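# Topology and contacts: notes
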Amino acid sequence: MTLAAPWALALLLPAAILWMAAVLRRPPVLAVAGTDLVEASARPTWRMRLRRFPDLLRLLAILLAVLAVARPREGLTVTALPEEGIDIVAAVDVSSSMFASAGGGESRLDAARRVLAEFAGTLQGDRMGLVAFQARALTLSPLTGDLDAIRSRAARLESGLVPDGTAIGLGIAEALTLLESSTARSRVVVLMTDGENNSGEIDPFSAARVAEALGIRVYTIGFGRSVDAPGLRRLAETTGGEYFDARTPDELAKAYETIGALERSRIGERRFVTFREYAPWLALGVAGLLLAEGTLRSTWLRRQP
């Protein structure tokens, strides 16, 4: 049980004081059944004993009214709406250099496939898209909540679909195209490359400035020894994102895990609670008490000076 407006309870004390002052100021009267005078020396009747009962009813009505203003309520269900949370597009370098060993018997591209599939499996209620780039960029999957399809597509990432090269600017631009119309509370590009920009007509920093203007953060992941780490770091910081040095599959997995945690912390958790409100019932009780008080004062406990 909680109170939606607990500050209203501060009215209880002044309300009780005002009630007491009103009762004490009232001159003594007799409670009679009709207009006939009752002898002062007569034995006290139930009407006389209950002459303060209407006052008590009014006090109880005042207390219930204050409690109704405080709105007592009971939480019934909690509904989370993560589907409006994060839209992520992974832009993956699939150039020929990605076939170099990443350690552990798998290539850099193998590690990228595996970690992307695992990362997609951690997104609940979010959407993800997939872009691959070499000298040109291709959309392999638009934004979708079908994360099984994303995992399947990530597992089939391959090189050779377009001429070889590393067009980082084009990779970011293609990802921004997917996110531009998104209404998600958090929009993110995760770019992974093992080299430096050497292809494409779009400069990576021009693409980063567009992302900044759109309010889209770009996280960059450098994977390999020939990566332009300073450039990728500056590119990410331009958009409010971060750079991660992930030379091994384990470091790559940690990078994606950190990105997911960072974005979750940015948007928080949207929750809607369904309440059972008791204020309407209290208001009915107030009305009933005031009706009972008025009825008693005008009939059985009518007061006569």
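All of the points below concern the structure found in this document. (Residues numbered from 1 in each chain as written. Predicted model: local features only at pLDDT ≥ 70, side-chain atom pairs only at ≥ 80, totals over all residues. Heavy atoms only, no water.)

Quick look at the nonpolar core now. In this structure, Val92, Leu116, Met128, Leu157, Ile221 and Leu252 are the most contacted members of the largest nonpolar core, which totals 35 residues. Those elements that provide at least two residues to this core are strand E4 (86–93), helix H4 (108–121), strand E5 (127–133), helix H5 (147–155), strand E7 (186–193), strand E8 (217–222) and helix H9 (249–267). The element contributing the most residues to this core is H4, with 7 residues. Beyond its immediate chain neighbours, meaning those up to four positions away, leucine 116 contacts Ala90, Val92, Met128, Leu130, Ala154, Leu157 and Tyr256. (Core = buried A, V, L, I, M, F, W, Y, C linked by side-chain atoms within 4.5 Å. Buried < 20%, exposed > 50% of the residue type's maximum accessible area, 1.4 Å probe, protein only. Helix = DSSP H or I, 4+ residues; strand = E, 2+ residues; numbered from the N terminus. Contact = heavy atoms within 4.5 Å.)

Attention now moves to H4. Here H4 is 14 residues long and its end C-alpha atoms lie 20 Å apart, about the 20 Å a rise of 1.5 Å per residue gives. Here H4 lies mainly inside the structure; 10 of its 14 residues are buried. Of the positions making up H4, those classed as buried are Arg108, Leu109, Ala111, Ala112, Arg113, Val115, Leu116, Ala117, Phe119 and Ala120. (Expected span 1.5 Å × (residues − 1).)

Time to look at a nonpolar patch on the surface. A cluster of nonpolar residues, Leu3, Leu9 and Leu67, forms a patch on the protein surface that exposes about 190 Å² of accessible area. Note that leucine 3 resides in strand E1 (residues 2–3). (Patch = residues over 30% accessible without salt bridge, like charges linked within 9 Å, V, L, I, M, F, W, Y side chains within 5 Å. Areas by Shrake-Rupley, 256 points an atom, 1.4 Å probe, with all protein chains shown as cover. Salt bridge = Lys/Arg side-chain N within 4 Å of Asp/Glu carboxyl O.)

Let's shift gears to the side chain of serine 199. Looking at where serine 199 falls in the secondary structure, it is placed in the loop between E7 and helix H7 (204–214). The exposure class assigned to serine 199 is buried, which follows from its relative accessible area of 16%. Within the local environment of serine 199, its side chain forms a polar contact with the side chain of asparagine 198, the two groups lying 3.0 Å apart. (Polar contact = N/O pair within 3.5 Å; in protein donor to acceptor, adjacent residues only side chain to side chain.)

This brings us to the pattern of salt bridges. Evaluated as defined, the whole model comprises 10 salt bridges. Between glutamate 118 and arginine 114 there is a salt bridge whose closest N-O contact spans 3.4 Å. Highlighted residues: glutamate 118 and arginine 114, both in helix H4, separated by 4 residues, approximately one helical turn. Among the residues examined, glutamate 118 registers a relative accessible area of 44% and is labelled partly exposed. In this structure, the salt-bridge partner of aspartate 148 is arginine 151, at a minimum N-O distance of 1.9 Å. Within this pair, aspartate 148 and its partner arginine 151 are both found in helix H5, separated by 3 residues, close to a single helical turn. By relative accessible area, which is 51% here, aspartate 148 ends up exposed. What you see here is one network of salt bridges that share partners, running through Arg71, Arg73 and Glu277.

A few words on the packing of aromatic side chains. Evaluation of the coordinates by the stated rule reveals 2 aromatic pairs. Ring geometry for tyrosine 219 against phenylalanine 244: centres 6.4 Å apart, planes inclined by 35 degrees, an arrangement best described as tilted. Of this pair, tyrosine 219 sits in strand E8 while phenylalanine 244 sits in strand E9 (residues 243–245); the two residues are 25 residues apart in sequence, bridging distant segments of the chain. Sitting over the ring of phenylalanine 205, arginine 234 keeps its end group 3.8 Å from the ring centre. (Phe/Tyr/Trp six-rings, centres within 6.5 Å; stacked < 30°, edge-to-face > 60°. Lys NZ or Arg CZ within 6 Å of the ring centre and 35° of its normal.)

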